[in-house]
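# What the coordinates show
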Amino acid sequence: MARIIVVTSGKGGVGKTTTSAAIGTGLAQAGKKTVIVDFDIGLRNLDLIMGCERRVVYDFVNVINEEANLNQALIKDKRIENLYILPASQTRDKDALTKEGVEKVLNDLAERFDYIVCDSPAGIEKGAMMALYFADEAIITSNPEVSSVRDSDRIIGMLSSKSRRAEQGLEPIVEHLLITRYSPKRVNTGDMLSVEDINDILAVKLLGVIPESQAVLKASNSGEPVILDSESDAGMAYQDAVDRLLGESREFRFIQEEKKGLLSRIFGG
């Protein structure tokens with residue numbers, strides 16, 4: 001049975017789509033047949049991050065409305081054998097997502113895939129609630145700043161009360177915390193919350209810490225999930241997160257400020 005993972009946050013601009021693309025790509029690279037579904041109706045971005053925007057003909061809403069079938073709407077990734085994308089519509093609004101329609105599409109996807117990664121809009125409006133309603137697991141994405149962490153705390157409340165699992169009295173959604181744009185240097189100067197600060201507030205098991213990195217912007221602009229940049233800190237951190245998601249043990253990297261060596265201190269390197 002497929003696992004449905006929602007990538008969510010209370011605040012916009014924290015890296016949910018970047019995370020959805022990286023996690024979905026990493027799962028597919030691990031041999032898991034994976035589909036990433038864009039729930040951000042009207043503000044479609046997943047196809048840009050995945051580099052397949054010119055291949056979008058039919059979308060999620062077309063499938064819900066039975067204007068196209070899944071085979072017509074699913075886009076197979078050119079780089080990774082087991083990876084597919086179901087894009088969002090740019091011309092509809094969030095009301096196009098009905099609970100019955102979304103459930104039918106997810107049930108059909110569950111027959112074909114091991115993992116369904118749902119790229120949620122920010123906040124608690126209809127699209128975001130629809131993305132988390134059917135989830136088995138949630139990756140709560142937060143920047144290390146007070147407003148982002150506070151909004152993530154609200155989303156955690158929604159996961160425990162507004163999901164199908166909560167309504168039906170089933171096992172709760174498995175929650176994972178992913179901290180993005182983390183800078184140990186700025187933590188040490190008091191400009192950012194530390195990993196420990198965020199853990200104290202949210203009390204959610206830590207899945208990964210993604211360092212602040214130009215590689216993320218570069219990957220987004222080139223339509224390449226950053227996890228494919230295996231030489232970058234961000235790419236390595238996302239790979240660690242995928243490994244942990246699959247049950248492997250990985251030490252957390254990039255959470256301590258690197259100490260400069262003697263030559264670096266002398267020559268300012």
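Please refer to the structure placed before this passage.
The shown structure was predicted, so the numbers you read here are calculated from the model rather than taken from an experiment. Here the residue numbering is sequential within each chain, running from 1 through the sequence in written order. Under the rules for a predicted model, residues below a pLDDT of 70 receive no local features and side-chain atom pairs below 80 are neither given nor counted, while totals for whole chains, interfaces and linings still include all residues. Excluding hydrogens and water, the side-chain values take into account all heavy atoms of the structure.

## Here's the deal with the overall build of the protein chain
Summing up its helical and strand segments, the protein chain has 13 helices and 8 strands in all. Here the globule rule is a power law, 2.2 Å times the number of residues to the power 0.38, and the radius of gyration is based on C-alpha atoms. Taking 269 residues into account, the globule formula puts the C-alpha radius of gyration at 18 Å, and the protein chain, at 18 Å, falls close to it. Across its three principal directions, the C-alpha atoms of the protein chain cover 65 × 40 × 35 Å. The buried share among the 269 residues of the protein chain stands at 54%. For this analysis, residues touch if any pair of their heavy atoms sits within 4.5 Å. Residue pairs in contact within the protein chain that sit at least 24 positions apart in sequence constitute 74% of those at least 6 positions apart. Areas reported as accessible are Shrake-Rupley estimates using a 1.4 Å probe. Residue values count occlusion only from the protein chains shown. In the structure as shown, the protein chain presents an accessible area of about 12700 Å², 46% of it carried by carbon and sulfur atoms. His is not counted, nor are the chain ends; Lys and Arg add positive charge and Asp and Glu add negative charge. Working definition for charges: the position is that of NZ of Lys, CZ of Arg, CG of Asp or CD of Glu. Positive and negative side-chain charges of the protein chain, numbering 33 and 41 respectively, have mean locations separated by a distance of 2 Å. Helix and strand definitions here come from DSSP, where helices need a minimum of 4 consecutive H or I residues and strands a minimum of 2 consecutive E residues; each element is numbered from the N-terminal end. Exposed residues in this analysis have more than 50% of their type's maximum accessible area, buried residues have under 20%, and partly exposed residues fall in between, with area computed by a 1.4 Å probe over protein chains only.

## Section: the packing of helix H7 (residues 146-161) against helix H10 (residues 195-202)
An axis is simply a line fitted to the C-alpha atoms; with a helix, the fit covers only the stretch in contact. Between two such axes, the angle follows the N-to-C directions and lies from 0 to 180 degrees. It is the contact of H7 with H10, at a shortest axis distance of 10 Å, that shows an interaxial angle of 35°. Our pair here, H7 against H10, has a crossing hand that is right-handed. Residue-level contacts link Val149, Ser152, Asp153 and Ile156 of H7 to Ile198, Ile201 and Leu202 of H10. Here the residues of the contact of H7 with H10 sort into 5 nonpolar, 1 polar and 1 charged. Take the far helix as your reference; a near helix turned counterclockwise from it by less than a right angle gives a left-handed crossing, and one turned clockwise gives a right-handed crossing. Only Asp, Glu, Lys and Arg are considered charged in this grouping, and only Ala, Val, Leu, Ile, Met, Phe, Trp, Tyr, Cys and Pro are considered nonpolar; every other residue, Gly among them, is considered polar.

## Quick word on the side chain of Ser152
With respect to the secondary-structure elements, Ser152 resides in helix H7. Look at Ser152 and you get buried, because its relative accessible area is 1%. When sequence neighbours within four positions are dropped, the list of residues in contact with Ser152 reads Gly10, Ile140, Thr141, Ser142 and Leu202.

## Describing the sheet that holds strand S4 (residues 83-86)
The pairing of strands in a sheet happens through backbone hydrogen bonds and is either parallel or antiparallel. Pairing between two strands requires that DSSP report at least two bridges joining them. Taken together, 8 strands build an open sheet; the order of strands is S3-S4-S2-S5-S1-S6-S7-S8 and the sheet is mixed. The open sheet has two free edges, formed respectively by strand S3 (75-76) and strand S8 (206-211), since each of these has just one partner strand. With 5 bridges connecting them, strand S1 (residues 3-8) and strand S5 (residues 115-119) associate as parallel partners. Its bridge partner being in S5, Arg3 is matched across the sheet by Tyr115.

## Some words on the pattern of salt bridges
By convention in these notes, a salt bridge is any Lys or Arg side-chain nitrogen within 4 Å of a carboxyl oxygen on Asp or Glu. Tallied over the entire structure, the rule returns 15 salt bridges. Ionic pairing is found between Lys76 and Glu81, a salt bridge with its closest N-O pair at 3.8 Å. The partner of Arg164 in a salt bridge is Glu103, and the shortest N-O contact between them spans 3.3 Å. Here Arg164, found in helix H8 (residues 164-167), pairs with Glu103, found in helix H5 (residues 99-110); they are 61 residues apart in sequence, far enough to count as distant. Residue Arg164 is classed as partly exposed on the basis of its relative accessible area of 23%. You can call Glu103 partly exposed: its relative accessible area is 29%. Members of the salt-bridge network, linked through shared partners, are Asp77, Arg79 and Glu224.

## Some thoughts on the environment of Glu167
By secondary structure assignment, the location of Glu167 is in helix H8. On the basis of relative accessibility, which here comes to 52%, the residue Glu167 falls in the exposed class. For Glu167 and Phe39, which are 128 residues apart along the polypeptide, the C-alpha to C-alpha distance reads 21 Å. Among the polar contacts listed, one links the side chain of Glu167 to the side chain of Tyr133, at a separation of 2.7 Å. Side-chain atoms alone can form a polar contact between residues adjacent in sequence; in general such a contact is a pair of N or O atoms within 3.5 Å, and within protein one must be able to donate a hydrogen while the other accepts it.

## Brief notes about the pairing of S8
Buried residues dominate S8, accounting for 6 of its 6 residues. Examined bridge by bridge, strand S7 (residues 174-182) and S8 share 4 bridges and lie parallel to one another. By the bridge assignment for S8, Ile179 is matched with Val209.

## Observations regarding the environment of Asp153
Within the secondary structure, Asp153 is located in helix H7. When its relative accessible area of 36% is taken as the criterion, Asp153 is described as partly exposed. Between the C-alpha atom of Asp153 and that of Pro121, which follows or precedes it by 32 residues, the distance is 16 Å. With sequence-adjacent residues up to four places away left out, Asp153 is seen in contact with Ile201 and Leu202.

## Some remarks on helix H6 (residues 126-133)
Burial within H6 is extensive, with 7 of its 8 residues counted as buried. Taken residue by residue, H6 has Gly127, Ala128, Met129, Met130, Ala131, Leu132 and Tyr133 as its buried positions. One side-chain oxygen of the residue at the start of H6 lies 2.8 Å from the amide nitrogen of Gly127, identifying that residue as Glu125.

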